[in-house]
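Examination of the molecular architecture
Next come the chains, spelled out residue by residue.
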Amino acid sequence: MNHASPLDVLLVEDDPGDVLLTREAFELNHVRTRLHVVNDGEEAMAFLRRQGCYASAPRPDMMLLDLNLPRKDGREVLADVKGDPDLRSIPIVVLTTSEAEEDIVRSYSLHANAYVAKPVDFHQFIRVVRQIDDFFVGVVKLPSLGQRF
């Protein structure tokens, strides 16, 4: 295991049903993952920059990012994060309903680390989130805290 302490995962998702499903998938899979949730792109940037009510927010070890968000969409968040030298090392998995080729291409051109289309089926959705968690917790080497700032 790469990390002795729990991983902090920021979920940027405006659909309460998808938030609930993601929470369930993480709870069923790994207790060493702490899931933080924001509902739109502006909240995501405030969380990442530790602004306002997020002043004491942890730096996420990874993000799960929906593309279709209110106020500031996921594409803008992705561009902002990957364009910021202090944030760009945070792995971002785009987790969205869109299977449009243009969204896939644009996400990767904005340096998304992975693009995953949300399955409609409950059990498939749980399985996909579990696989993302397994990959980033058990397979991928993430930088240690001291190397992220």
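These lines cover the structure that appears in this document, whether it is placed above or below. (Residues numbered from 1 in each chain as written. Predicted model: local features only at pLDDT ≥ 70, side-chain atom pairs only at ≥ 80, totals over all residues. Heavy atoms only, no water.)

Along the protein chain, the regular secondary structure elements total 6 helices and 5 strands. For the protein chain, the N- to C-terminal ordering of α and β elements is β-α-β-α-β-α-β-α-β-α-α. When contacts within the protein chain are restricted to residue pairs at least 6 apart in sequence, long-range pairs at least 24 apart make up 69% of them. When the accessible surface of the protein chain is totalled, it reaches about 7,500 Å², and 52% of it is carbon and sulfur. (Helix = DSSP H or I, 4+ residues; strand = E, 2+ residues; numbered from the N terminus. Contact = heavy atoms within 4.5 Å. Areas by Shrake-Rupley, 256 points an atom, 1.4 Å probe, with all protein chains shown as cover.)

Of all 5 residues in strand β4 (residues 92-96), 5 are buried; the element is thus mostly enclosed. In β4, alternate side chains face the same way, and those of I92, V94 and T96 on one face and V93 and L95 on the other are all buried. Across 3 bridges, the pairing between strand β3 (residues 62-65) and β4 is parallel. Note on β4: the bridge partner recorded for M63 is I92. Following the backbone out of β3, through helix α3 (residues 74-82) and into the adjacent parallel β4, one traces a crossover that is right-handed. Note on the crossover from β4 through helix α4 (residues 101-109) to strand β5 (residues 114-117): the handedness is right-handed. (Buried < 20%, exposed > 50% of the residue type's maximum accessible area, 1.4 Å probe, protein only. Pairing = 2+ DSSP bridges. Right-handed = clockwise from strand over helix to strand, strands pointing away.)

Where side chains of opposite charge bring their charged atoms close, a pairing between them can arise. Enumeration over the complete set of coordinates arrives at 10 salt bridges. Put simply, K118 and E13 hold a salt bridge, and the shortest N to O gap is 2.5 Å. Pair noted here: K118 is in the loop between β5 and α5 (122-139) and E13 is in the loop between β1 (7-12) and α1 (16-29), with a separation of 105 residues, a long-range link. For the pair K118 and E13, a shared accessibility class is recorded, and that class is buried. A salt bridge links D103 to R75, with the nearest nitrogen and oxygen atoms 3.2 Å apart. (Salt bridge = Lys/Arg side-chain N within 4 Å of Asp/Glu carboxyl O.)

Take the nonpolar core next. Among the nonpolar cores identified, the biggest contains 24 residues, and V12, L48, M63, L65 and V81 are the most heavily contacted of them. Listed by contribution, the elements that provide at least two residues to this core are β1, α2 (41-48), β3, α3 and β4. With 5 residues, α2 is the largest single contributor of residues to this core. One finds F26, L35, V128 and F136 within the second-largest nonpolar core, a separate group that totals 19 residues. (Core = buried A, V, L, I, M, F, W, Y, C linked by side-chain atoms within 4.5 Å.)

Now for the sheet that holds β1. The 5 strands are arranged β2-β1-β3-β4-β5 in an open sheet whose pairing can be described as parallel. The sheet is open, and its two edges are formed by β2 (33-38) and β5, each paired on a single side. When strand polarity is set aside, the average angle formed by the axes of neighbouring strands in this sheet is 20°. Bridging between β1 and β3 involves 4 bridges; their strand directions are parallel. Its bridge partner lying in β3, V9 is registered against M62. In this fold α1 packs onto β1, β2 and β3, with an angle of close to 175° to the strand it touches most, β2. Each of β3 and β4 touches α3; the most contacted strand, β3, lies at about 160° to it. (Axes fitted to C-alpha atoms, helices over the stretch in contact; angles between N-to-C directions.)

For the rest of this paragraph, the subject is the pairing of β1. Along a regular strand, successive side chains alternate from one face of the sheet to the other. Judged by how many residues are buried, β1 sits mostly within the fold: 6 of 6 residues are covered. In β1, alternate side chains face the same way, and those of L7, V9 and L11 on one face and D8, L10 and V12 on the other are all buried. As paired elements, β1 and β2 share 6 bridges and run parallel to each other. Among the inter-strand pairings, L7 is bridged to a residue of β2, identified as T33.

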